[in-house]
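# Reading the structure
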Amino acid sequence: MERTELKDDSSGEMTVFIPSETKNLKDQDSCVKFSDEKEDEEDEREHWTRGLDFILSLIGYAVGVSNLWRFPYLALRNGGGAFLIPYFFFLFMCGIPLFYLEVCLGQFSGISSMFVWKLCPAFKGIGYGMVIVSGMACIYYNAVLSWVIYYLINSFYPDLPWASCDHWWNTKCCVDRRVQGNQTDNTTESIFTQTAQCNDTSKLKTAAEEFWQYNVLRKSTGLDDFGEIQVHSAMCLLAAWILVCLCLVKGVKSLGKVVYVTALLPYLLLTIFLIRGLMLPGALEGIRFYVTPDFEKLKSLTVWVEACVQVFYSLGPAWGGLITMASFNKFNNKCFRDVMIASMADGLTSFYGGFVIFAVVGFMAKESNVSVSEVATQGPGLALVAYPEAIARLPVPQLWSVLFFIMLLSLGLDSQFGMFETVVAGLIDAFPKQLKKKRVWLTFGIAMISFIVSLPVATNAGIYVFTLLDWFVAAFCVMVTSLIECIVIAWIYGVDRFCEDIEMMIGRKPNYFMQICWAVITPIIMLVAFIFTCVKYTLPVYDKYIFPLHANIIGFIISFLPLLPIPLCMAYVIYHRGGSFSQRLCSSFQPDADWGPAPKHLRDEYQLKLEKRRHRPHWFIALFKRIKL
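The shown structure was predicted, so the numbers you read here are calculated from the model rather than taken from an experiment.

## Some thoughts on the overall build of the protein
Each helix and strand in the protein was counted, giving 29 helices and six strands. Scored against the burial criterion, the 629 residues of the protein give a buried share of 57%. Look at the contacts in the protein between residues 6 or more apart in sequence, and 81% of them connect residues 24 or more apart. Carbon and sulfur atoms form 64% of the exposed surface of the protein, whose accessible area is close to 28,200 Å².

Right, here's the structure in full:
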């Protein structure tokens, strides 16, 4: 290598000659540094533009159509106002701790739900299971959106098609309740004549019910008669998927803008409907029926378990959506505040929506001269039959119909966003170099595949397919996953470790109440709820149709499919570790080398802490080290 020469020039200053090799090395180092910085920028995970984007996304994810068509009915059936006692008890003891756990997990790691479980490699299958259950739910959940879109389109007709019995799909057993509500001699004679034309009075259906069953669904006799794909259902299903794609085409950047409409608009429309509903005759009787407490009901264990299950499924832990959305947070975001806002919004929206629903149900009961309990129902029957029927009796029904179905569409889209983004983000994290820059094509590709797979829902047997999937997809796996999740975080990874991770993020550890919930209270509640659900579990039924044996077998296979990756991944991880069986077992329960906080500048310090911990392992790991195999 050439020496560096020193030479005095005429000005008396010294000139330094640097050999060419040194210059090249310096330039190369600069280029390498610039290249690394550029690569880090490309690999850096995108973030929510504003903190409010994340809060509204959480609220939209938690608050869905079930808040309007399930919670009010459960409250009515389980003690009215008294049902709020077990509901909010489980919200604080089970719902919020699980919600907070998953949000912290996603925000700390900056990884989607598929790979966040590298904190305990033996349970990596949890992440795959979350993506599978979210993917399956996306397929049938969009059927609800397609029905809502079809109703919304029909709301622009001069006469609402579900308001009368003079359409091609109506039968001789169709009854127009608008006529039945006005007890005059002429109308009574009209009803009698219409009933006389029906050979079996037990088959009498309202105009709204016949529109739902014979126009929207055009249902067959059962799963053995699939019929053919209905063009109107298929087109609305395609429109629903396109709508989801357009909102998620740029990930959280586009989603963060959409949620300002989809998450806030339902509250405005709910308030409008409540004000309008309170002006209707019979509204107060319906609301009184809804909130009148029956404390005797609280003596039943069933009421408490149903409250727990409703909290659990409404908030949506163990689906992967919470972890995925939180992974786009900035590392130091005050996530506990966000969790409390979203959790309370979910619970209070359910309660508030009950007033809206039962104000109209009370009006329907008075108009039809029947009791509120005869009108009240749950599921699609409430949102797509009973409520549209009530809207048809209002002045300017087209206006109220459009507003109502826009509200349902907004509620449904938000929940769909979280589940669909779980699948997309999981695949991008699995293949970042190949897919990160092709997000648009990936989003539309997954959506089109999902659309094709979901086409059976658009057939004549679509409602039976929907019922089967809705009944089985999350029946067991979500509860089991939540239970395992708590055990892994609190007892294997260590609640003390997890609290230190949270302290690194937001500057303070969670309070002792939250730690006790993670370690003891929430797992016990989930275990009891799971056992009770298994004992009381009933097979699916739709409109008196009993599903055949092979359909129920397929349903149980579907329900356990998301749990299958857990034992398979555990066996794979343990098999590919080195050493004796006990050593493999120990290393499988230790965090992977690349586990740590999302910011890269904190990784080195964090890895040093992990190394120190390996010399003084968690009690769970120490237990396995005593095994001589």
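## Looking at the pattern of salt bridges
Inspection of the entire model under this criterion finds 10 salt bridges. A salt bridge links Asp594 to Lys118; the shortest N-O distance between them is 3.0 Å. Of the two residues, Asp594 sits in the loop between α27 (581–588) and α28 (603–615) while Lys118 sits in the loop between α5 (84–109) and α6 (125–154), which places them 476 residues apart along the sequence. Exposure remark for Lys118: the relative accessible area of 14% places this residue in the buried category. The partner of Glu296 in a salt bridge is Lys299, and the shortest N-O contact between them spans 3.1 Å. Of the two residues, Glu296 and Lys299, both sit in the exposed class. One network of salt bridges, in which partners are shared, links Lys124, Arg577 and Asp592.

## A word on the UniProt feature "binding site: Na(+)" (unreviewed entry) in the protein
In the numbering used here, UniProt assigns the "binding site: Na(+)" (unreviewed entry) feature to Gly60, Ala62, Val63, Asn67, Ser314, Leu411, Asp414 and Ser415. Across 356 residues in sequence, these annotated residues keep their C-alpha atoms within 12.8 Å of one another, forming a single compact spot. With respect to the element layout, Leu411 can be found in helix α19 (residues 397–430). In contact with Leu411, not counting residues within four places along its chain, are Gly60, Val63, Gly64, Val65, Leu68, Tyr141 and Pro266. For Asp414, the position within the fold is in helix α19. Taking the relative accessible area as the measure of exposure, Asp414 reaches 4% and is therefore buried.

## Details of the packing of helix α12 (residues 265–278) against α19
Orientation of α12 relative to α19, taken along the N-to-C sense of each, is 145 degrees, at an axis distance of 9 Å. Here α12 and α19 pass one another in a crossing that is left-handed. Each of Leu265, Pro266, Leu269, Leu270, Ile272, Phe273 and Arg276 in α12 lies in contact with α19, whose residues at this interface are Trp400, Leu403, Phe404, Ile406, Met407, Ser410 and Leu411. Its residues placed into classes, the contact of α12 with α19 shows 12 nonpolar, one polar and one charged.

## Description of the environment of Trp400
Mapped onto the fold, Trp400 is located in helix α19. Spatially, the C-alpha atoms of Trp400 and Arg276 are 9.6 Å apart, while their sequence positions differ by 124 residues. Those residues in contact with Trp400 that sit more than four places away from it in its chain are Ile272, Phe273, Arg276, Ile391, Leu394 and Pro395.

## Observations concerning the packing of α12 against helix α16 (residues 335–368)
The N-to-C vectors of α12 and α16 enclose an angle of 35 degrees; their axes lie 8 Å apart at closest approach. The chirality of how α12 crosses α16 is left-handed. Side by side, α12 and α16 meet where Tyr267, Leu270, Thr271, Phe273, Leu274 and Gly277 of the first sit next to Ala345, Thr349, Tyr352, Phe355, Val356 and Ala359 of the second. Residues belonging to the contact of α12 with α16 are distributed by class as follows: nine nonpolar, three polar and no charged.

## Digging into the state of the cysteines
Following the criterion strictly, the structure yields one disulfide and no others. Here Cys165 is linked by a disulfide to Cys174, with a sulfur-sulfur distance of 2.0 Å. In this structure, the disulfide formed by Cys165 and Cys174 twists by about -70 degrees around the S-S bond and is classed as left-handed. The class of Cys174 is buried, set by a relative accessible area of 0%.

## So, the environment of Tyr575
Here Tyr575 shows up in helix α26 (residues 565–575). Sequence spacing of Tyr575 and Ser588 is 13 residues, and the spatial spacing of their C-alpha atoms is 9.6 Å.

## Re empty space enclosed by the protein
Any empty space left between atoms is shown by rolling a water-sized probe over those atoms. Scanning the model with the defined rule gives five cavities of 30 Å³ or more in all. Space inside the largest cavity adds up to approximately 80 Å³. What lines the largest cavity is simply Ala143, Ser146, Trp147, Val216, Leu217, Ser233, Leu237, Val457, Ala458, Thr459, Gly462 and Ile463. Those elements giving two or more residues to the lining of the largest cavity turn out to be α6, α9 (207–217), α10 (231–248) and α22 (462–472). Counting residues per element, the lining of the largest cavity draws most heavily on α6, at three residues.

## Quick notes on α9
For α9, a buried count of nine out of 11 residues is recorded, marking the element as mostly surrounded by other parts of the structure. Within α9 the residues assigned to the buried category are Ala207, Ala208, Glu210, Phe211, Trp212, Gln213, Asn215, Val216 and Leu217. Just downstream of α9, Arg218 is the residue with a positive phi angle, here 50 degrees.

## What about unusual backbone geometry?
A positive phi angle is found at Val396, which is not glycine, with a value near 50 degrees. Relative to the assigned elements, Val396 resides in the loop between α18 (380–391) and α19. Take Val396: its relative accessible area is 53%, and that puts it in the exposed class. Positioned with a positive phi, Asp543 is a non-glycine residue whose angle comes to about 50 degrees. Counting through the fold element by element, Asp543 comes out in the loop between β5 (541–542) and β6 (545–546).

## Some details on a nonpolar patch on the surface
Residues Ile487, Trp491, Tyr512, Ile516, Val520, Ile524 and Val528 make up a contiguous nonpolar surface patch of roughly 680 Å² in combined accessible area. Going through the elements one at a time, α23 (477–506) and α24 (512–535) are the ones with two or more residues in the nonpolar patch. Here the element with the most residues in the nonpolar patch is α24; it accounts for five residues. With respect to the secondary-structure elements, Trp491 resides in helix α23.

## Focus on the packing of aromatic side chains
The description of an aromatic ring pair uses the distance of the two centres, along with the angle that the planes make with each other. Evaluation of the coordinates by the stated rule reveals 51 aromatic pairs. For the ring pair Tyr100 and Phe336, a centre distance of 5.1 Å and an interplane angle of 75 degrees mean the geometry is edge-to-face. Within this pair, whereas Tyr100 is found in helix α5, its partner Phe336 is found in helix α16, the two being separated by 236 residues in sequence. On the accessibility criterion, Tyr100 (2% relative accessible area) is buried. According to the relative accessible area criterion, Phe336 is partly exposed, its value standing at 25%. Here a set of aromatic residues connected by ring pairs shows up, and it is made of Tyr150, Tyr151, Trp162, Trp168, Trp169, Phe211, Phe273, Tyr387, Trp400, Phe404 and Phe405. The side chain of Arg497 reaches across the aromatic face of Tyr493, ending 5.4 Å from its centre.

About the thresholds
Residues numbered from 1 in each chain as written. Predicted model: local features only at pLDDT ≥ 70, side-chain atom pairs only at ≥ 80, totals over all residues. Heavy atoms only, no water. Helix = DSSP H or I, 4+ residues; strand = E, 2+ residues; numbered from the N terminus. Buried < 20%, exposed > 50% of the residue type's maximum accessible area, 1.4 Å probe, protein only. Contact = heavy atoms within 4.5 Å. Areas by Shrake-Rupley, 256 points an atom, 1.4 Å probe, with all protein chains shown as cover. Salt bridge = Lys/Arg side-chain N within 4 Å of Asp/Glu carboxyl O. UniProt positions renumbered as here; feature names shortened; annotations may be inferred. Axes fitted to C-alpha atoms, helices over the stretch in contact; angles between N-to-C directions. Left-handed = near helix turned anticlockwise from the far one by under 90°. Nonpolar A, V, L, I, M, F, W, Y, C, P; charged D, E, K, R; others polar. Disulfide = S-S within 2.5 Å. 1 Å grid on protein atoms, 1.4 Å probe; cavity = no way out; pocket = protein on both sides within 12 Å on 5 of 7 lines; lining within 4 Å. Points joined across faces, edges and corners; volume = space filled by probe spheres on them. Patch = residues over 30% accessible without salt bridge, like charges linked within 9 Å, V, L, I, M, F, W, Y side chains within 5 Å. Phe/Tyr/Trp six-rings, centres within 6.5 Å; stacked < 30°, edge-to-face > 60°. Lys NZ or Arg CZ within 6 Å of the ring centre and 35° of its normal.

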